[in-house]
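Spelled out, the chains give:
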Amino acid sequence: ELKVEQNPLFLSMQEGKNYTIYCNYSTTSDRLYWYRQDPGKSLESLFVLLSNGAVKQEGRLMASLDTKARLSTLHITAAVHDLSATYFCAVPPRSSNYKLTFGKGTLLTVNP
Amino acid sequence: GAGVSQSPSNKVTEKGKDVELRCDPISGHTALYWYRQSLGQGLEFLIYFQGNSAPDKSGLPSDRFSAERTGGSVSTLTIQRTQQEDSAVYLCASSLDSGGIYEQYFGPGTRLTVT
């Protein structure tokens, strides 16, 4: 059974600071997805990482994938309040590329 | 363009009643998914439809849950004889199948409360 672990689950940080969210998964997969969820809202796709060594950046967020280590990171640079949300990583097994297993999510709060 | 839409946005029902939740995917998306989000279990895959292929129902938690997709578009998730543990937000998503890449676009969800 594929398991996806995120840490930390809760992250409170000050504006302007940097931090990294980690996503580990238990079985072989060659793709990983990051989503953002605002309170009371649905999930918004942030990044699709498709191969070992993939790196994608959008604004203050940068995601990377290491398939050998079964690890993805979501790095936040110079955080701003608008980044406050819950961030999920999701991984499909190779046998079923459509079937996402989600981590429990990281609740990020950026304080002024 | 229009995103994934779901109805109703909220549903309160009594234990033992049946409920139907509806999902309209993004036009042109061949794949449709249902997930359940609850505090205790997080986000769980329920079912996947792709074109005319047999659906992957492996995530449905019991035989009280069923789903259909008519005409390759609209989908309905039905829960029979609802139980309190069915209370959750039910999310629908759709995607293209772009060479095995399934970037899923989620709807706003239906919040189901079973009393």
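Here, the structure is the one placed above.
Predicted model, so just to flag it, every value in this text is computed and none were measured.

## What about the overall build of chain A?
Now for step 1: Looking only at helices and strands, one finds zero helices and 11 strands in chain A.
Now for step 2: Secondary structure elements of chain A occur, N-terminal to C-terminal, as β-β-β-β-β-β-β-β-β-β-β.
Now for step 3: Against the compact-globule benchmark of 13 Å for 112 residues, chain A has a radius of gyration of 13 Å, which places it among compact chains.
Now for step 4: By its C-alpha atoms, chain A is 45 × 30 × 20 Å across when sized along the principal axes.
Now for step 5: By sequence separation, contacts in chain A at least 24 residues apart represent 54% of the contacts at least 6 residues apart.
Now for step 6: On chain A, roughly 5,500 Å² of surface is accessible, and the fraction owed to carbon and sulfur atoms is 48%.
Now for step 7: In chain A, 12 positive and 9 negative side-chain charges are present, and the distance between their average locations comes to 6 Å.

## Focus on the state of the cysteines
Now for step 1: This model, assessed by the stated rule, comprises two disulfides over all chains.
Now for step 2: Shown here is the disulfide that connects A:Cys23 with A:Cys89, its sulfur atoms set 2.0 Å apart. Taking the sign of the S-S torsion, about 85° here, the bridge from A:Cys23 to A:Cys89 comes out right-handed. Of this pair, A:Cys23 sits in strand E3 (residues 19–25) while A:Cys89 sits in strand E9 (residues 85–91), and the two are 66 residues apart along the sequence.
Now for step 3: The buried category is assigned to A:Cys23, whose relative accessible area is 0%.
Now for step 4: What pairs with B:Cys23 in a disulfide is B:Cys92, and their sulfur atoms sit 1.8 Å apart. Taking the sign of the S-S torsion, -65° for the link of B:Cys23 and B:Cys92, the bridge is left-handed. Taken as a pair, B:Cys23 in strand E3 (residues 19–24) and B:Cys92 in strand E8 (residues 88–95) lie far apart in primary sequence, 69 residues in all.

## As for the nonpolar core
All names here are of chain A.
Now for step 1: Residues Leu32, Trp34, Leu74, Ile76, Tyr87 and Leu108 are the most contacted members of the largest nonpolar core, which totals 25 residues.
Now for step 2: Put simply, the parts of the chain that give this core at least two residues each are strand E2 (10–14), E3, strand E4 (32–37), strand E5 (43–49), strand E7 (61–66), strand E8 (71–76), E9 and strand E11 (106–111).
Now for step 3: The leading source of residues in this core is E9, at four residues.

Thresholds applied
Residues numbered from 1 in each chain as written. Chains lettered and ligands numbered in written order. Predicted model: local features only at pLDDT ≥ 70, side-chain atom pairs only at ≥ 80, totals over all residues. Heavy atoms only, no water. Helix = DSSP H or I, 4+ residues; strand = E, 2+ residues; numbered from the N terminus. Rg over C-alpha atoms; globule rule 2.2 N^0.38 Å. Contact = heavy atoms within 4.5 Å. Areas by Shrake-Rupley, 256 points an atom, 1.4 Å probe, with all protein chains shown as cover. Lys, Arg positive; Asp, Glu negative; His and termini not counted. Charge placed at Lys NZ, Arg CZ, Asp CG, Glu CD. Disulfide = S-S within 2.5 Å. Buried < 20%, exposed > 50% of the residue type's maximum accessible area, 1.4 Å probe, protein only. Core = buried A, V, L, I, M, F, W, Y, C linked by side-chain atoms within 4.5 Å.

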